[in-house]
Structure formats: structure tokens, C-alpha cells
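Working through the structure, step by step
The lines below spell out each chain.
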Amino acid sequence: MAVATTTAVIAALAPAGLLIALGWGLRRRGLMPEGFWGPAEWLSYYVLLPALFVHGLATADMSGVPVARIFAVLVGAVVLTAALVVAGRRLVAVDDAGFTSVFQGAVRFNNYVGVMLATGLYGAEGTALAAVANAAIVPTVNVLSVLVFARYGGARRGLGRGLGLVLRQVATNPLVLASAVGGALQATGAGLPPGIDGTLRALGQAALPMGLMCVGAALQLGTLSRDLGPTLAASAVKFVLLPAITVAACLAAGLGGPAALVAVLFHSLPTASSSYILSRQLGGDARLMASIIALQTLLAGLAIPLSAALAAAVLPV
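This report concerns the structure included in the present document. These figures come from a predicted structure and were not determined experimentally. (Residues numbered from 1 in each chain as written. Predicted model: local features only at pLDDT ≥ 70, side-chain atom pairs only at ≥ 80, totals over all residues. Heavy atoms only, no water.)

Orientation of helix H6 (residues 124-152) relative to helix H11 (residues 257-266), taken along the N-to-C sense of each, is 50°, at an axis distance of 10 Å. Taken together, the axis directions place H6 and H11 in an arrangement best described as oblique. Between H6 and H11 lies a crossing of right-handed hand. Where H6 approaches H11, its residues Glu125, Leu129, Ala130, Ala133, Asn134 and Ile137 are matched on the opposing element by Pro258, Ala259, Val262 and Phe266. For the contact of H6 with H11, the class distribution of residues is eight nonpolar, one polar and one charged. (Axes fitted to C-alpha atoms, helices over the stretch in contact; angles between N-to-C directions. Helix = DSSP H or I, 4+ residues; strand = E, 2+ residues; numbered from the N terminus. Parallel < 35°, antiparallel > 145°, perpendicular 65-115°, else oblique. Left-handed = near helix turned anticlockwise from the far one by under 90°. Contact = heavy atoms within 4.5 Å. Nonpolar A, V, L, I, M, F, W, Y, C, P; charged D, E, K, R; others polar.)

Quick look at the packing of aromatic side chains now. Counting across every chain of the model gives five aromatic pairs. Seen from their ring centres, phenylalanine 36 and tryptophan 37 are 5.0 Å apart, and the 80° between their planes marks the pair as edge-to-face. On the basis of relative accessibility, which here comes to 29%, the residue phenylalanine 36 falls in the partly exposed class. Ring geometry for tyrosine 45 versus tyrosine 46: centroids 5.3 Å apart, planes at 80°, classification edge-to-face. Under the relative-accessibility criterion, tyrosine 46 is labelled partly exposed at 43%. Taken together, the ring pairs in this structure connect Trp42, Tyr45 and Tyr46 into an aromatic cluster. The ring of tyrosine 152 carries arginine 151 above its face, with NZ or CZ at 4.5 Å from the centroid. (Phe/Tyr/Trp six-rings, centres within 6.5 Å; stacked < 30°, edge-to-face > 60°. Buried < 20%, exposed > 50% of the residue type's maximum accessible area, 1.4 Å probe, protein only. Lys NZ or Arg CZ within 6 Å of the ring centre and 35° of its normal.)

With that out of the way, let us pick up the nonpolar core. Leu49, Phe266 and Ile304 are the most contacted members of the largest nonpolar core, which totals 97 residues. Sort the elements by how many residues they give to this core and H6 lands first, with 13 residues. Dropping the residues within four chain positions of it, leucine 49 is found in contact with Ser44, Asn111, Tyr112, Val115, Leu175, Ala207 and Leu208. (Core = buried A, V, L, I, M, F, W, Y, C linked by side-chain atoms within 4.5 Å.)

Here you go:
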């Protein structure tokens, strides 16, 4: 069972890796205008991926999905991991600004890789599970990250101001809003009118290839040789500690099946490219953040299948 699950995860992960590599190659070779990538990333995050989530949640059969337990597992695991990272602050030889990058590398995640994995494994059900996972984790990691920036960021803000910022970010986050809309359509049984259904499906089909190519275009591999210690520390938390805690949380909550595997995989994803932007805006170490993003994106090809193997060996997936 573990071998079959791991093989399926590798097969679902391969297109994501190839699309990231394609985006990296297109940008490094200058085959696309430099001004293309910013608008493409905006389109992917604010239009295409939300369309995928609305369509996936509105049309999927959610009757057997344990939404409350998925939320409990994902939120509980990341909050506990975040607390352990802060408690071990002095174990990482970086200044406070650098610690914010280590923290983001430990808890934030790449939406596009996660959705590609879940959809590749379980089709429409996987897309719906990915939307539920995003609805649970996106607000949580945003709140945690802004709290850490308020305490450790070089451009420190007052706690109240920081919380106000994160509440605005969460309330206007397109993935959270799309999950809420799709969930409401699912709960009411309203579904989607034929014209809207087809439009959202078409937009959603473009979300993952476009988004993953943008992830590749944003990679800065030239920073990998710098700050190797803290980069490896963040990656150890992301790829070892957080997945292990998530597996334990699944056992404690009695979560199994596709929901459990998707939960473990979402907590095994490389950190988000947007972490670099947040680092620059809130006084973090942007150079270190770029190194963490690059290394984790490369390591994910090995780390994600290992997490799947652990889940399959311990959980009824």
C-alpha cells in the first residue's frame, strides 16, 4: 500500500516539477518578455486559482468529507510547529530579520503544488480537498507570520497594527473568498448555472500550469550557496517535523483516507514564493528567504514522496 501510494504521489508530482522547470527555463532564456511574469502571477492567484476552487467545491460530492477534522488537523499541526520554532529561536544562528525567513520557510506552503498533487491523485474530489486545506491553512499561516514579523521583523509594527493588517489580508484573500463561495454553493445545493460552470471550469484548467510556471520563473537559484545553515534548518522543520506532527494529528483525530493523505501532503509542500514579497514588505531577510524558497522547491521532489510513504505506512490512506 505504501509503495502504491508513493508511486501515485510521484506520478502526480512529476507534472508540477516539469512545469516549474519550464517556467524557470523560459525566464532564464528570456523567451518571454520580463514584464509578462508579474501580470501572469496576478492572473493565476486572483482569477484562475479562485475559479478552480469555486468550481471544485461547488460541484464535488462533499457528503463524506470530514471538514471539521481536516481543519482541526491542519490548524493544530501548524500552530504546534510554529510554537516549537519560536521556542527554538536561539538554536538558529540568524538575526531577528533572518528568523522571520526561517519561520516562513517552516510554516508557509505553495498552493499550486498542493492543488496539482491533490487533483492528480483524486481528481475533482482532490480539488475540493485542496480547497478545504487552503481555507484552513491560509488564514492560519498569515496570522502566525504577521505575529512573528511584529515581534522580530526589522520594520517592526505594533501588534494591533500587525493584526489589523493580517485581518485585512485574510478577509480579502482570493483563495479564502473562493473557498467560502464554493462552500456556500455546496452547502445550499445551488450548484453552478451551465454557462458559469463551463467558464469556471475552463479558467480553473489554466490555473495550475500558469501558476507553476510562475513559481519556476520566480526561483533565484543563485542564492543557494548563501546561509546554508538556516536554510537547512527551515527545510528540516518543513519536510520532517511538520509532516510528522500532521501524521500524529491525523491519528489523534481519527482522520484517514484521501483527506488524511492530502492533509499530510499539504504540510509537506515547499514554502510559497510570496514569502519573498512579505519579507521585503515587513522587514525580513529577503535574501535568506529567496535561498529557502529555492532549496525547498528543489528538495520537494524527494521530501513529498517520503511524507506520502510515512502517511501510507501509518495511516489508513
